[in-house]
Amino acid sequence: MNCHPTLCGMLVDIEDGRVLGVRGDPDNPDSQGFLCVRGQASHEIIGNPARLLHPLVRARRDDAFREASWDEALDLVAERMRALGGERVGVWTGHGLAATNYGTRLSGHLARRFANLWGCQSWSGTMICWGLGAYGLGFTGILETNTKEDMGAHANLVLLWGANLASQPNTARHVAAARRRGASIITIDVRQTEAAAQSDETFIVRPGSDAALALAIMHVIVAEDLWDREFVAQHTVGFDVLAGHVASHSPAWAAEITGVPAERIAALARRYARTRPATIVLGGSSLHKGANGWNAARAIGCLPALTGNVGIPGGGFGPRHGSNSHGQGLSSITAEDRRPPGTWIPSQMPLVTEAMLDGRVRAMLLLGTNMLSSYADAGRVAEALASQDLVVSYDLFLNDTARRFADVVLPATAWLEELGCKSTNTHLYLMPKVLDPPGEARPVAWVLRELARRLDVADYFPWDSDSGPLDAILDHPATGHATAAALAAEGGMRALRISHVAHPDLKFRTPSGKIELDSARAAELGLPSLPVHTPSAASSYPLALCQGRTLSHFHGFYDHGRALPSLAKADPEPVLWISPADATARGVADGAAIRIVNQRGTMPARARVTERVPAGTVWMRDGWLGLNDLTEGGPAVPDAAVDEFQTLGFSGGQATFAARVEVQAGA
């Protein structure tokens, strides 16, 4: 219900059209009966009094919404879209839209198909999430991941690098299995996460220093002749250049940057290089929401290549957010080849904001997203939304963006109220429709079909059934050319035809076909050809603000869990982790009201004084209103380079999300 790769099987008890309860499905091979607090809270979506049940419109944004018919609402939207023209209309989808189709991305495909056939702006959702990490790995070439099952069965060392398994509980089971076999588990993070409590050793690094740590590990591997000469010679390019580069990046150099003592860095490097096989589980989103985001993945991506931990059981990278197993794939219905010529804005978060501000985009269709809570530099985003001629929000519940800026609000369906299908790295799961939508809620496929009809878009929905687009996406060798009907006949589950080992053929999606330790492609795009650490810009604000995920955290489709009573009770207000030293210096007591401030804004919160975060770093769960008022909105990579991996399904156009702040006592 929240985020890939944790997709738990759920059994739902229904009587007379009412949900009586939900529980974990013991027959689900991924979750094996487990259901976290998010899944247990999901029954509160159905019958929730805060659900949007009817289309809402208003003439002015300071007016109250009034109920409208679907015809009135969609006629209004289509009329304004047509008047503006496609290039001035943007379609932006969030995690909420994928809730019923994580992994298969059916709703995202349909939104992209609409944008391509009508000819309007749309952007890759990965630019706000895991795409920046994949961007760094893309230049190195190690994009596939071994499965969690392989890791549990074969890895002798697991590095959880920025990966907090509290938000990936189905992966955690296999980490525990590896540990029971005798594997060592090491956590690398900016705080003592829940995963750290299950680890043999933990390295706490300063925010933005992960690339420096990886460079120092490479220094030791090369200097002490711990690298796999045969693998490097046969399957990589650029070793000599990389070796010369890392010669100056010693553990002593990295210690000053990371805060980790040099001897511990050297010991970690030796342990990783000498333990075979070794798996790295790389953080999917939080690790890359800050300075050096993609450079961290670029540097870490070189480590399995240097040690020959690629293409073998228990090696390489373990399952991470948005990754694919070898052989995993789906067909596309996005009609990319039919996109008309136009001035299309790349999938670069700051460019989207700028285009809204300068008038290149005048209307935004926001499908399953709370843009204010997901975009960096939210104050500027708010200014951009205020300038729009039309803002449409399609959602289950009102969110902050809709409350402040929507002209039209459209009621969405939840996971039991429409046909869907999820895919993990190993299995397909049918999500059958078992309830009628409440009120006038409609699936996004219906909404887009109606808009397409009003805008005279030919061939938007050429299928003769609701399952048609899903069947078209599933028509791929990896699924055994599955269909919704076939999955239903099999009990709703099917194993994918994939390899549990990544890159077993030792072929890589790089210009050379090898792992590129030195990337000429990166250089051609104006990026460093070698992995680098870039020092953070100087700031008068002393604390580095990081954000991440927790087990009780939902994305925006459920108003970040605020709409679900049990989660709102468990996590009632924003809490900032702060070290005892930093709290004492500011007169801040545990549990006290505080203000988090910088040059961009002020956010109220409550302090959690804890030794689990080091001095100089503060941490908060993401999604809270006001958090992204504090974050930077600058580009993480140059505009011309963001869509280099678009054909592979992701973009590098995330903003930096870095923030330096001060904490003040008092509300």
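Asks: Whenever I open this one, the overall build of the protein confuses me. Can you help?
Replies: Counting its regular elements, the protein contains 23 helices and 24 strands. Computed over C-alpha atoms, the radius of gyration of the protein comes to 24 Å, within 12% of the 26 Å expected from 2.2 N^0.38 for 667 residues, which places it in the range of a compact globule. For the protein, the C-alpha atoms occupy an extent of roughly 70 × 60 × 50 Å along the three principal directions. Expressed as a percentage of the 667 residues in the protein, the buried residues total 62%. When contacts within the protein are restricted to residue pairs at least 6 apart in sequence, those whose partners lie at least 24 apart make up 77%.

Asks: Sorry, what's going on with the packing of helix 7 (residues 210–223) against helix 9 (residues 239–246) here?
Replies: Each pair of packed helices gets described by two things: the angle between the helix axes and the distance between those axes. Packing of helix 7 against helix 9 brings their axes to within 9 Å, and their N-to-C directions diverge by 110°. By the angle class used here, helix 7 and helix 9 are roughly perpendicular. Here helix 7 contributes Leu215, Met218, His219 and Val222 to the contact with helix 9, which in turn contributes Phe239, Leu242, Ala243, His245 and Val246. In terms of residue class, the contact of helix 7 with helix 9 is made up of seven nonpolar, two polar and no charged.

Asks: Hey, could you run me through the sheet that holds strand 11 (residues 278–282) in this one?
Replies: Think of a sheet as strands paired side by side through backbone hydrogen bonds, with each pair either parallel or antiparallel. The four strands are arranged 9-8-7-11 in an open sheet whose pairing can be described as parallel. Taken across any chain shown, the strands that pair with only one partner, and hence form the sheet edges, are strand 9 (201–204) and strand 11. Ignoring which end each strand starts from, the neighbouring axes of this sheet average 15° apart. As judged from the five bridges shared by strand 7 (residues 157–161) and strand 8 (residues 184–189), these two strands associate in the parallel manner. Residue pairing in the sheet places leucine 160 in a bridge with threonine 187 of strand 8.

Asks: What exactly am I supposed to notice about the sheet that holds strand 15 (residues 420–423) here?
Replies: The strand order across the open sheet built from three strands is 15-16-17, with neighbouring strands paired in antiparallel fashion. Lying at the two open borders of the sheet, with one neighbouring strand each, are strand 15 and strand 17 (493–495). On average, each strand axis in the sheet is inclined to that of its neighbour by 20°, with strand direction left out of account. In terms of strand pairing, strand 16 (residues 427–431) meets strand 17 through three bridges, oriented antiparallel. Residue pairing in the sheet places histidine 427 in a bridge with alanine 495 of strand 17.

Asks: Would you mind showing me how to read the pattern of salt bridges here?
Replies: A side chain with one charge may pair with a side chain of the opposite charge, provided their charged atoms come close. Scanning all chains against the criterion turns up 33 salt bridges. Here arginine 51 and glutamate 417 are joined by a salt bridge, their closest N and O atoms 3.0 Å apart. Of this pair, arginine 51 sits in the loop between helix 1 (37–41) and strand 3 (56–57) while glutamate 417 sits in the loop between strand 14 (408–411) and strand 15, and the two are 366 residues apart along the sequence. Accessibility expressed as a relative area gives 6% for arginine 51, which makes it buried. Residue classification places glutamate 417 among the buried residues on the basis of a relative accessible area of 2%. Connected through salt bridges with shared partners, the residues Asp71, Asp75, Glu450, Arg453 and Arg454 form a single ionic network.

Asks: Honestly, the side chain of serine 31 in this entry has me stumped. Any pointers?
Replies: You can see serine 31 is positioned in the loop between strand 2 (18–24) and helix 1. Only 2.8 Å separates the side chain of serine 31 from the backbone nitrogen of glycine 9, close enough to count as a polar contact. Not counting residues up to four positions away in its chain, the partners in contact with serine 31 are Cys8, Gly9, Asp25, Asn170 and Arg173.

Asks: Which parts of the structure should I look at to understand helix 9?
Replies: Within an α-helix, residues lying three or four positions from one another point in the same direction, as the helix has 3.6 residues per turn. All of the buried residues in helix 9 are Phe239, Leu242, Ala243, His245 and Val246. Down the axis, helix 9 shows its buried residues gathered within 160° of arc, on one side only. Exposed residues pointing more than 90 degrees away from the buried face of helix 9 are listed as Asp240 and Gly244.

Asks: What should I look at first to understand the side chain of glutamine 388 in this one?
Replies: Along the chain, glutamine 388 falls in the loop between helix 16 (378–386) and strand 13 (390–395). Once residues lying within four places of it in the same chain are set aside, the contact partners of glutamine 388 are Arg61, Met356, Val361, Arg362, Ala363 and Met364.

Asks: Whenever I open this one, the packing of aromatic side chains confuses me. Can you help?
Replies: How two aromatic rings sit relative to each other is set out by the distance from centre to centre and by the angle between their planes. In this structure the tally under the stated criterion is 14 aromatic pairs. Ring geometry for phenylalanine 461 against tryptophan 463: centres 5.1 Å apart, planes inclined by 85°, an arrangement best described as edge-to-face. For the residue pair phenylalanine 461 and tryptophan 463, the accessibility class agrees, reading buried in each case. Through a chain of ring-to-ring contacts, the aromatic side chains of Trp130, Tyr135, Phe139, Trp294, Phe645 and Phe650 assemble into a single cluster. Here the basic side chain of arginine 339 rests over the ring of tryptophan 344, its NZ or CZ set 4.0 Å away from the ring centre. Between the NZ or CZ atom of arginine 449 and the centre of the ring of phenylalanine 461, over which it lies, the distance is 3.8 Å.

Scoring rules and cut-offs
Residues numbered from 1 in each chain as written. Predicted model: local features only at pLDDT ≥ 70, side-chain atom pairs only at ≥ 80, totals over all residues. Heavy atoms only, no water. Helix = DSSP H or I, 4+ residues; strand = E, 2+ residues; numbered from the N terminus. Rg over C-alpha atoms; globule rule 2.2 N^0.38 Å. Buried < 20%, exposed > 50% of the residue type's maximum accessible area, 1.4 Å probe, protein only. Contact = heavy atoms within 4.5 Å. Axes fitted to C-alpha atoms, helices over the stretch in contact; angles between N-to-C directions. Parallel < 35°, antiparallel > 145°, perpendicular 65-115°, else oblique. Nonpolar A, V, L, I, M, F, W, Y, C, P; charged D, E, K, R; others polar. Pairing = 2+ DSSP bridges. Salt bridge = Lys/Arg side-chain N within 4 Å of Asp/Glu carboxyl O. Polar contact = N/O pair within 3.5 Å; in protein donor to acceptor, adjacent residues only side chain to side chain. Arc of directions from axis to C-beta. Phe/Tyr/Trp six-rings, centres within 6.5 Å; stacked < 30°, edge-to-face > 60°. Lys NZ or Arg CZ within 6 Å of the ring centre and 35° of its normal.

Remember that the coordinates give geometry; whether it matters functionally is a separate question.
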